[in-house]
Amino acid sequence: MDNLKTTAFYLPTKKIIHETKIKNSGSAYLVDKDNFPALDNITSYALEIWEECMRIPHWHPNAFELGYIVSGEIEVLIWRSAGETAMFTLSAGMCWFIPQGALHSLNNIGKEKAVLVVGFSASRPQHLDLPVAYNGIPVVIRDVYTSPHSELRKWTGVMSNPLLGAYSVNPDVKKIITGSPYGFNLAATPPLFDHADMGSVVWAVKNNWEILQDISLLRARLKKNIARDPIWYPDSATLYVVTKGHADFHIIISGIDPVPFQVNYLDYIFVPAGVLHTFINTSAEDFEVIAFFPKANPLPEVSLSVATGFFPGSIRNAALTKFGGENLQGEPLKRLNNTTVTPYLLRIK
């Protein structure tokens, strides 16, 4: 924790970010480049929407949106144009995608608080809530909209985005089952890795969710005493958001001591492209983390074990035992289990 160059990539959210609370509606942790300078073309908000409340209709002029439901049930409404609209419901473990500039709302239709992590393809995403938009329109134009009524014409509105507000749930909504290309069920997606005693890794990218643009995500679940194989992504940065439990995070940067630090629920970790890193779940409960990528189709992760195993033994041994002109003894990787496929998760005990 004392190494500032290392911890610059880490945001202990609840200790640093002031929680935005909306009376009787919910709360949010709003993270962008202003309070997490390491970010580059990606960010994510942690959002809690209370029962019978909604994320007020809004749009993002400069960013695509990709969200994941940690818990609860929501209804998503999207208006992109007269010929392209969508209305569908999602539950825990599912995702949604919002095109840049599309008006949309997220409505809690369940009987518990909905907890969401929402990713954006910009370091400083812009938000324009519907009340703010109407407040900026000249009164003479509002009069055209509302004539002969006076409510909207006289409405003074707000200057800042209200974020959340009340929503009256229509019971009939739950009877409507709709399929939409903007919704995605991770549970129905073939995982990259799945093991009952170790955990799972699954991702939503353009290869399996064609509608995505400029953003994608991966979910990793680790059982106790399980680690992510040390990896890097060769062409994409990664923004991690912890959605369950806690773990030790390691980031390996040349010239900096690799001091691990614990990451907790809703903490953020930004890893630049090509930087080696890993998580180790040393807690007694399951650990879950969502990774957002600022690309729709990032190259698959590069596993340190697989990449190292690619080289002949003579090269590996020379690199590790004679580096810097030193003559060290032994064969440090003689038990390396060479494979061409990343193991994704490793058992550490």
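Presented here is a report on the structure given in the accompanying data block.

Reading the values: rules and limits
- Residues numbered from 1 in each chain as written.
- Predicted model: local features only at pLDDT ≥ 70, side-chain atom pairs only at ≥ 80, totals over all residues.
- Heavy atoms only, no water.
- Patch = residues over 30% accessible without salt bridge, like charges linked within 9 Å, V, L, I, M, F, W, Y side chains within 5 Å.
- Areas by Shrake-Rupley, 256 points an atom, 1.4 Å probe, with all protein chains shown as cover.
- Salt bridge = Lys/Arg side-chain N within 4 Å of Asp/Glu carboxyl O.
- Helix = DSSP H or I, 4+ residues; strand = E, 2+ residues; numbered from the N terminus.
- Buried < 20%, exposed > 50% of the residue type's maximum accessible area, 1.4 Å probe, protein only.
- Pairing = 2+ DSSP bridges.
- Axes fitted to C-alpha atoms, helices over the stretch in contact; angles between N-to-C directions.
- Contact = heavy atoms within 4.5 Å.
- Polar contact = N/O pair within 3.5 Å; in protein donor to acceptor, adjacent residues only side chain to side chain.
- Core = buried A, V, L, I, M, F, W, Y, C linked by side-chain atoms within 4.5 Å.
- Phe/Tyr/Trp six-rings, centres within 6.5 Å; stacked < 30°, edge-to-face > 60°.

This brings us to a nonpolar patch on the surface. The grouping of Val 140, Ile 141 and Tyr 145 at the surface amounts to a nonpolar patch, some 330 Å² of accessible area in total. For Ile 141, the position within the fold is in helix H4 (residues 139–146).

Taken as a whole, this structure holds 9 salt bridges when the rule is applied. Taking the shortest distance from any N to any O, the salt bridge between Arg 55 and Asp 129 comes out at 3.2 Å. Of the two residues, Arg 55 sits in strand E5 (residues 53–59) while Asp 129 sits in strand E12 (residues 128–129), which places them 74 residues apart along the sequence. With a relative accessible area of 5%, Arg 55 lands in the buried category. Here Asp 129 falls in the buried class, since its relative accessible area comes to 0%. Put simply, Arg 221 and Glu 288 hold a salt bridge, and the shortest N to O gap is 2.6 Å. In this pair, Arg 221 sits in strand E17 (residues 216–222) while Glu 288 sits in strand E25 (residues 287–293), placing the two residues 67 residues apart along the sequence. Residue Arg 221 is classed as partly exposed on the basis of its relative accessible area of 35%.

Attention now moves to the sheet that holds strand E1 (residues 10–11). Across the sheet, which stays open at both edges, the 7 strands sit in the order E1-E23-E20-E25-E17-E16-E15 with antiparallel pairing between neighbours. Either end of the sheet is taken by a strand with one partner, and the two such strands are E1 and strand E15 (193–195). Bridge analysis of E1 against strand E23 (residues 268–271) gives 2 bridges, and the strand direction is antiparallel. Looking at E23, one finds that Tyr 10 is bridged to Ile 269.

Looking at chain direction, strand E21 (residues 247–252) and strand E22 (residues 261–263) are connected through 3 bridges and run antiparallel. In the sheet register, Ala 247 faces E22, and the bridge partner there is Val 263. As paired strands, E21 and strand E24 (residues 276–281) are joined by 5 bridges and run antiparallel to one another. Bridge pairing links Ile 251 to His 277 in E24.

Another point: the sheet that holds strand E9 (residues 94–98). Spatial ordering of the open sheet is given by E2-E3-E4-E11-E6-E9-E14, a layout of 7 strands whose pairing is antiparallel. Across the chains shown, the open sheet's two edge strands, defined by having one partner strand only, are strand E2 (20–22) and strand E14 (183–185). Sheet twist, expressed as the average angle between the axes of neighbouring strands with direction ignored, equals 20°. Pairing of strand E3 (residues 26–29) with strand E4 (residues 43–49), which is carried by 4 bridges, proceeds in the antiparallel orientation. Looking at E4, one finds that Tyr 29 is bridged to Ala 46.

By the secondary structure assignment, Thr 321 is in helix H7 (residues 313–321). Along the primary structure Thr 321 and Pro 332 are separated by 11 residues, whereas in three dimensions their C-alpha atoms are 8.0 Å apart. The contacts of Thr 321, once residues within four sequence positions are left out, are Glu 326, Asn 327, Leu 328, Gly 330 and Pro 332. Polar side-chain contacts of Thr 321 include one of 2.4 Å to the backbone oxygen of Asn 317.

Moving on: the nonpolar core. Looking at soluble globular proteins, one finds that nonpolar side chains tend to be buried together. In terms of nonpolar packing, the biggest core is built from 89 residues, with Trp 96, Leu 116 and Phe 292 touching the most fellow members. The element that contributes the greatest number of residues to this core is E25, accounting for 6 residues.

Moving on to the packing of aromatic side chains. In this structure the tally under the stated criterion is 14 aromatic pairs. Both rings, one in Tyr 134 and one in Tyr 145, keep their centres 6.2 Å apart while their planes meet at 75°; by these two values the pair is edge-to-face. Of this pair, Tyr 134 sits in helix H3 (residues 130–136) while Tyr 145 sits in helix H4, and the two are 11 residues apart along the sequence. Given a relative accessible area of 30%, Tyr 134 falls into the partly exposed group. Aromatic side chains Tyr 233 and Phe 293 sit 4.9 Å apart centroid to centroid with 65° between the ring planes, which places their arrangement in the edge-to-face category. With Tyr 233 in the loop between strand E19 (231–232) and strand E20 (238–244) and Phe 293 in strand E25, the pair connects residues that are 60 residues apart, well separated along the chain. Like Phe 293, Tyr 233 is buried. Joined through ring pairs, the aromatic side chains of Tyr 10, Tyr 240, Phe 249, Phe 261, Phe 279 and Phe 287 make up one cluster.

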